[in-house]
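Report on the structure
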Amino acid sequence: MARYTGPSTKIARKFGEPIFGADRYFEKRNFPPGQHGAARKRARKATDYGNQLKEKQKVKYMYGLLERQFRNTYEKACRMQGQKGENLLFLLESRLDNIVYRLGIAPTRAAARQLVLHCHITVNGAVCNIPSSQVKPGDVVAVRERSRSLEVIQASVASAHSYSWLEFDAKTLTGKYLNVPARTEIPENINEQLIVDLYSK
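**Description of the side chain of Glu188**
Topologically, Glu188 is positioned in the loop between strand S5 (174-177) and helix H9 (192-199). At 2.6 Å, the side chain of Glu188 and the side chain of Arg102 are in polar contact.

Structural data, given as structure tokens:
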């Protein structure tokens, strides 16, 4: 299965929330796609398994992972101390492409992934082109000097949000991953326990 590159709003409508970030098209039509999406008359009652699967699929789309990548990340979370669901989110939040997105260097995670793949991002001074690389607390993530004038980066930084577990200097386009965020600090609407229940079957 290839990575999804189709319309993002269609997927957001499927899950009933803007999982890829602010989306003006979703605001216009925030119901499931299809001829009968708005009526919902034929919608069947979801089972527990259906809800669990839907939550897993939502998180996969949100962070841009394929099934094997997601499963491997979950198994790694299971080997860590603490709650499996929270560990899973911490690992997802520590991915390099997500850190680039959170710092405001890119407007979306997909754009952040592309910046990393095209060697525009450095970690601790060295170029890193692996979006799934795990960033550790204390690591410094920055934009390469020759890439700092890119229009997409400048526009994204101008409208960036700040997070308590990240430090960012907009002048030098350099950020630091201070610490692993607390579960309550992660803004996405995710019920990680449903994913744990799904994989526990």
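**Observations regarding the nonpolar core**
Generally speaking, a soluble globular protein has its nonpolar side chains buried in company with each other. By size, the foremost hydrophobic cluster in this structure holds 23 residues, and its most contacted members are Leu96, Ile99, Val100, Ile105, Ile121, Val141 and Ile153. Of all the elements, helix H6 (residues 96-103) adds the most residues to this core, at 5 residues. For Ile153, the residues in contact, after removing those within four places along its chain, are Ile105, Leu115, Val143, Ser147 and Leu173.

**Some points on the packing of H6 against helix H7 (residues 109-117)**
H7 packs onto H6 with a crossing angle of 115° between their chain directions and a minimal axis gap of 8 Å. The crossing of H6 and H7 is right-handed. When H6 is examined against H7, the residues Leu96, Asp97, Asn98, Val100, Tyr101 and Arg102 are found in contact with a partner set consisting of Arg109, Ala112, Arg113 and Val116. In terms of residue class, the contact of H6 with H7 is made up of 5 nonpolar, 1 polar and 4 charged.

**A word on H6**
The buried fraction of H6 amounts to 8 of the 8 residues, a majority that puts the element mostly inside the structure. When H6 is considered as a whole, its buried residues turn out to be Leu96, Asp97, Asn98, Ile99, Val100, Tyr101, Arg102 and Leu103. Gly104 sits one or two positions beyond H6 and adopts a positive phi of about 95°.

**Describing the packing of aromatic side chains**
What describes a pair of aromatic rings is the distance from one ring centre to the other and the angle between the planes of the rings. Counting across every chain of the model gives 4 aromatic pairs. When the ring of Tyr163 is compared with that of Trp165, the centres are 5.0 Å apart and the planes differ by 40°; the resulting orientation is tilted. With a relative accessible area of 1%, Trp165 lands in the buried category. Members of the aromatic cluster, each reached through a chain of ring pairs, are Phe70, Tyr74 and Tyr199. Seen from the ring of Tyr163, Arg102 lies directly overhead, with NZ or CZ sitting 5.0 Å from the centre. Against the face of Tyr63 rests Arg109, its NZ or CZ located 4.4 Å from the ring centre.

Calculation notes
- Residues numbered from 1 in each chain as written.
- Predicted model: local features only at pLDDT ≥ 70, side-chain atom pairs only at ≥ 80, totals over all residues.
- Heavy atoms only, no water.
- Helix = DSSP H or I, 4+ residues; strand = E, 2+ residues; numbered from the N terminus.
- Polar contact = N/O pair within 3.5 Å; in protein donor to acceptor, adjacent residues only side chain to side chain.
- Core = buried A, V, L, I, M, F, W, Y, C linked by side-chain atoms within 4.5 Å.
- Buried < 20%, exposed > 50% of the residue type's maximum accessible area, 1.4 Å probe, protein only.
- Contact = heavy atoms within 4.5 Å.
- Axes fitted to C-alpha atoms, helices over the stretch in contact; angles between N-to-C directions.
- Left-handed = near helix turned anticlockwise from the far one by under 90°.
- Nonpolar A, V, L, I, M, F, W, Y, C, P; charged D, E, K, R; others polar.
- Phe/Tyr/Trp six-rings, centres within 6.5 Å; stacked < 30°, edge-to-face > 60°.
- Lys NZ or Arg CZ within 6 Å of the ring centre and 35° of its normal.

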